[in-house]
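# Analysis of the macromolecular model
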Amino acid sequence: MPELPDVEFVKRRLARALVGATITRAECSDRRILRPTTPNAFRRALIHHAVREVNRRGKWVRVVLDDETRLFSHLGMTGWWIDVKVDAPQETAERARLDVVRSGRARSLRYLDSRRFGRLLIAKRDIADWTGLGPDPLSDGLDPAVLAAALARSRRPVKDAIMDQSILAGIGNIIATEGLFHARIDPRTPSDALSSTDVEKIVRGLDKTIGKQLAVRLGSKRDDWHERFAVYGRSGEPCSRCKTPIEHIVIGGRTSAFCPKCQAAQRGRRRTSPT
DNA sequence: CGGCATGTTGCGCA
DNA sequence: TTGCGCAACATGCC
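Bear in mind that the values here come from a model prediction, so they are computed numbers and not experimental data. (Residues numbered from 1 in each chain as written. Chains lettered and ligands numbered in written order. Predicted model: local features only at pLDDT ≥ 70, side-chain atom pairs only at ≥ 80, totals over all residues. Heavy atoms only, no water.)

## Focus: the environment of Trp 80
Counting through the fold element by element, Trp 80 comes out in strand β5 (residues 79-84). Given the relative accessible area of 16%, Trp 80 is considered buried. Spatially, the C-alpha atom of Trp 80 lies 7.8 Å from that of Pro 2, the residues being 78 residues apart in sequence. For Trp 80, the contacting residues outside a window of four places in its chain are Asp 6, Phe 9, Val 10, Arg 13, Leu 75, Arg 110, Tyr 111, Leu 112 and Arg 217. (Helix = DSSP H or I, 4+ residues; strand = E, 2+ residues; numbered from the N terminus. Buried < 20%, exposed > 50% of the residue type's maximum accessible area, 1.4 Å probe, protein only. Contact = heavy atoms within 4.5 Å.)

## Brief notes about helix α7 (residues 173-183)
Of all the 11 residues making up α7, 11 are buried; the element is thus mostly covered by neighbouring parts of the structure. Among the residues making up α7, those that are buried are Asn 173, Ile 174, Ile 175, Ala 176, Thr 177, Glu 178, Gly 179, Leu 180, Phe 181, His 182 and Ala 183. Tucked inside the fold, the buried residues of α7 contact α1 (4-18), α6 (158-162), α8 (196-218) and β10 (254-258). Phi turns positive one or two residues past the end of α7, at Arg 184, with a value near 60 degrees.

## As for the sheet that holds strand β1 (residues 22-28)
Ordered by their spatial adjacency, 4 strands build an open sheet running β1-β6-β7-β5, and the pairing between neighbours is antiparallel. Strand pairing shows two members of the sheet lacking a second neighbour, β1 and β5, which therefore form its edges. Strand-to-strand twist of the sheet, defined as the mean angle between neighbouring strand axes without regard to direction, takes the value 15 degrees. Two elements, β1 and strand β6 (residues 94-102), share 6 bridges in a ladder whose sense is antiparallel. By the bridge assignment for β6, Ile 23 is matched with Val 100. Across the sheet, α1 is in contact with β5, β6 and β7 (105-113); its angle to β5 comes to roughly 30 degrees. Sitting on the sheet, helix α3 (residues 39-46) is in contact with β1 and β6, with an inclination near 175 degrees to β1. (Pairing = 2+ DSSP bridges. Axes fitted to C-alpha atoms, helices over the stretch in contact; angles between N-to-C directions.)

## Digging into the environment of Ile 167
Relative to the helices and strands, Ile 167 resides in the loop between α6 and α7. The sequence separation of Ile 167 and Leu 151 amounts to 16 residues, and the corresponding C-alpha distance is 8.0 Å. Filtering out sequence-adjacent residues up to four positions away, Ile 167 remains in contact with Gly 134, Pro 135, Leu 147, Ala 150, Arg 156 and Ala 161.

## Looking at the nonpolar core
Counting residues in each nonpolar core, the largest one holds 36 residues, and the members touching the most others are Phe 42, Leu 46, Trp 81 and Leu 120. Ranked by residue count, the leading element in this core is α1, at 7 residues. The contacts of Leu 120, once residues within four sequence positions are left out, are Cys 28, Ile 33, Leu 34, Thr 37, Phe 42, Leu 71, Phe 72, Ser 73, Trp 81, Ala 96 and Tyr 111. Ile 185, Val 199, Ile 202 and Leu 206 belong to the second largest nonpolar core, which has 24 residues in total. (Core = buried A, V, L, I, M, F, W, Y, C linked by side-chain atoms within 4.5 Å.)

## Section: the protein's contact with DNA strand C
Surveying the vicinity of DNA strand C reveals the residues Arg 32, Ser 114, Arg 115, Arg 116, Phe 117 and Arg 156. Among the atoms of DNA strand C close to the protein, meaning within 4 Å, 58% are from sugar or phosphate groups. The side chain of Arg 116 places a nitrogen or oxygen atom 3.2 Å from a phosphate oxygen of DNA strand C. Of the residues contributing to the surface near DNA strand C, the split by class is 1 nonpolar, 1 polar and 4 charged. (Near = heavy atom within 4 Å. Polar contact = N/O pair within 3.5 Å; in protein donor to acceptor, adjacent residues only side chain to side chain. Nonpolar A, V, L, I, M, F, W, Y, C, P; charged D, E, K, R; others polar.)

Next comes the structure, spelled out in structure tokens:
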């Protein structure tokens, strides 16, 4: 279930287990997930090396080894990492494992991914997928002026634009949908038609959504995934604010739920477009 | 059975 | 050159 807060959660789990630990076993035989890394290269690059740091940008996690080699992990649609005992049985849909030892204590990190849209790859330095990411809302913070400048460069629907990983790192369909609901902005609004006030509202809406999702992730109480959202997946249900039935449209090939009243297209205060 | 899904890429066509 | 729509990827759930 990976969007930014989920990836952050996984990143913290990996950091807690891996930083300062030495890898004693590394396996992944799935060439689809590894592309373009090979199973042999995966094992050879990792085994017997110590982990220096674990970072996250957007939906990517980066594990840096003592020799500067990097392991990049993207969770795709159904990827996830768990931390188990070394002798734990293989999980359903387990695609890779990293066994580590630190201070004499051994743990095993297992990568699970039923649909196998995720990635695991080895590189000697940072890859374009990583360096090309825009600012990360959580680790870099959102600067409304910077975001406004980026949004002004495109006529795309704003929901499309904020899901562009080179504009903002880590925003997926759920956070975009929820963030725009909180901001009361119509997801179809051309991004170059947003006022600076609109952009500030979007920043607050995204921050609120990310913060809430992360809190759910870090909290101990179990929740039903469904109940977390105000509009996502709630077409036909009454808007929590105004009771108007939630509608959905397709933007950029992705289902986009919104309240047609709270998020009504703002007319008559468009920024003047360049001629 | 069909439809849909949290993500990304690649292709064909303006 | 740029941008957009859409299919594809592989699997599970309703």
